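Given next are the chains, with one letter for each unit.
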Amino acid sequence: QVQLVESGGGLVQAGGSRRLSCVASGKIFSINTMGWYRQGPGKQRELVATISSGGSTNYRDSVKGRFTISRDNAKNTVYLQMNSLKPEDTAVYYCNADYSPGGSYLGYLEVWGQGTLVTVSS
């Protein structure tokens, strides 16, 4: 079974920084896109950033210039460096990955992490 484990959440003051990590483990042949999503209090889950296996990135407008997504393919790990944090960035941050289990399965499956809470105080 494939699982994603996030780490790095916690309490940070506005203007501060935080780095989230997410490690994928299990029966993985390859990973296509990895990404970070978040769900703030009373809000729907929203995309924060994604990164392809080749390194192409995509960000939601509100985090552009402040957040940076990166990955280490050898370690099946994706990171989210968050700078200049704002109270509105407070949310549970979820890691997501599209992976291939290999073998006779030709497509990609989707897996989610359990989430890590980031709280930004004003």
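Notes on the structure follow. As the structure is a prediction and not an experimental result, all values here were calculated from the model.

The rules behind each value
- Residues numbered from 1 in each chain as written.
- Predicted model: local features only at pLDDT ≥ 70, side-chain atom pairs only at ≥ 80, totals over all residues.
- Heavy atoms only, no water.
- Buried < 20%, exposed > 50% of the residue type's maximum accessible area, 1.4 Å probe, protein only.
- Salt bridge = Lys/Arg side-chain N within 4 Å of Asp/Glu carboxyl O.
- Helix = DSSP H or I, 4+ residues; strand = E, 2+ residues; numbered from the N terminus.
- Pairing = 2+ DSSP bridges.
- Axes fitted to C-alpha atoms, helices over the stretch in contact; angles between N-to-C directions.
- Core = buried A, V, L, I, M, F, W, Y, C linked by side-chain atoms within 4.5 Å.
- Contact = heavy atoms within 4.5 Å.
- Disulfide = S-S within 2.5 Å.

At asparagine 76, a residue that is not glycine, the phi angle is positive and equals roughly 50°. Positive phi is not limited to glycine here, since serine 84 has a value of about 50°. Overall, serine 84 belongs to the partly exposed group, its relative accessible area being 40%.

Counted by the stated rule, this structure contains 5 salt bridges. For arginine 60, the salt bridge goes to glutamate 46, with nearest N and O atoms at 3.5 Å. On the criterion of sequence distance, the pair formed by arginine 60 in the loop between strand E6 (57-59) and strand E7 (67-72) and glutamate 46 in strand E5 (residues 46-51) is long-range, its members being 14 residues apart. On the basis of relative accessible area, arginine 60 is assigned to the partly exposed category, the value being 27%. Salt bridges linked by common partners bring Arg38, Glu46, Arg60, Arg66 and Asp89 together as one network.

Looking now at the sheet that holds strand E1 (residues 3-7). Taken in spatial order, the 4 strands make up an open sheet running E1-E3-E8-E7, and their pairing is antiparallel. Only two strands of the sheet have a single partner each, and these edge strands are E1 and E7. When strand polarity is set aside, the average angle formed by the axes of neighbouring strands in this sheet is 15°. Judged from the 6 bridges that link them, strand E3 (residues 18-25) and strand E8 (residues 77-82) form a sheet pairing that is antiparallel.

Trp36, Leu80 and Tyr93 are the most contacted members of the largest nonpolar core, which totals 29 residues. Broken down by secondary-structure element, the contributors of at least two residues to this core are E3, strand E4 (30-39), E5, E7, E8, strand E9 (91-100) and strand E11 (116-121). With 5 residues, E9 is the largest single contributor of residues to this core. Ignoring sequence-local partners within four residues, the contact set of leucine 80 consists of Arg18, Arg19, Leu20, Trp36, Val48, Ala49, Phe67, Thr68, Ile69 and Tyr93.

Another aspect to go through is the state of the cysteines. Cysteine pairs can be covalently joined through their sulfur atoms, and such a bond is termed a disulfide. Tallied over the entire structure, the rule returns 1 disulfide. The disulfide partner of cysteine 22 is cysteine 95, and the gap between their sulfur atoms is 2.1 Å. Disulfide cysteine 22 to cysteine 95: torsion about the S-S bond roughly -85°, handedness left-handed. Residue cysteine 22 is located in strand E3, and its partner cysteine 95 is located in strand E9; the two are separated by 73 residues in the primary sequence. The two residues cysteine 22 and cysteine 95 agree in class, both being buried.

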